[in-house]
Structures are given as structure tokens and as C-alpha cells.
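# Structural overview
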Amino acid sequence: MAETFEGEHFCVKCREKRTVTGEVVVNAKGTRMSKAKCPVCGTNLNRILGKA
Ligand SMILES: [Zn+2]
């Protein structure tokens, strides 16, 4: 039911972009973010998608 976003997320640990599917969430300021996990190191990845 949750909206998903597929695309590049930057992993701060690997210092590389990972193309993964994340779950779209909206923060308190109304900014849409995609939350995913790096398939290589398991670090949480966040990508800002912009205003809802
Ligand atoms: Zn990583």
C-alpha cells in the first residue's frame, strides 16, 4: 500500500549511488523522502524527492 520510489540513492558509507526501490515517506515539513537500504553494506539510504 505504501508508495515506492525506484532510483538512485546515495550511500554515504560506500560513497556510491545505488539504484534501489525505497519506501516514500513524508516528513513534518511536507517533504517527500525515499527510504531504502544499501544492498551492499546495509546502511539506510535517504533520498529527498521534493515537496508533496
Ligand atoms: Zn552502502
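Residues numbered from 1 in each chain as written. Predicted model: local features only at pLDDT ≥ 70, side-chain atom pairs only at ≥ 80, totals over all residues. Heavy atoms only, no water.

With that settled, consider the coordination of the zinc ion. Taken together, the protein ligands of the zinc ion are Cys-11 (SG), Cys-14 (SG), Cys-38 (SG) and Cys-41 (SG), with distances of 2.2 to 2.4 Å. Because the angles between the 4 donor atoms bound to the zinc ion fall within 104 to 116°, the donor set is best described as tetrahedral. One chain supplies every donor for the zinc ion, spaced along it as C-x2-C-x23-C-x2-C. For Cys-41, a relative accessible area of 32% translates into the label partly exposed. (Donors = N, O, S within 2.8 Å, 3.2 Å for Na, K, Ca; no water. Tetrahedral: all angles 85-135°; square planar, octahedral: opposite > 155°, others 65-115°. Buried < 20%, exposed > 50% of the residue type's maximum accessible area, 1.4 Å probe, protein only.)

In this structure the tally under the stated criterion is 3 salt bridges. A salt bridge links Glu-3 to Arg-32, with the shortest nitrogen-to-oxygen separation between them at 2.5 Å. Of this pair, Glu-3 sits in the segment before β1 (4-11) while Arg-32 sits in strand β3 (residues 31-37), placing them 29 residues apart in sequence. Residue Glu-8 is joined to Lys-17 by a salt bridge in which the shortest nitrogen-to-oxygen separation is 3.9 Å. (Salt bridge = Lys/Arg side-chain N within 4 Å of Asp/Glu carboxyl O. Helix = DSSP H or I, 4+ residues; strand = E, 2+ residues; numbered from the N terminus.)

Before going further, it helps to examine the UniProt feature "domain: DUF5679" (unreviewed entry) in the protein. Residues annotated in UniProt with the feature "domain: DUF5679" (unreviewed entry) correspond here to residues 11-48. Between the first and last C-alpha atoms of residues 11-48 the distance is 13 Å; the span itself is 0% helix and 63% strand. (UniProt positions renumbered as here; feature names shortened; annotations may be inferred.)

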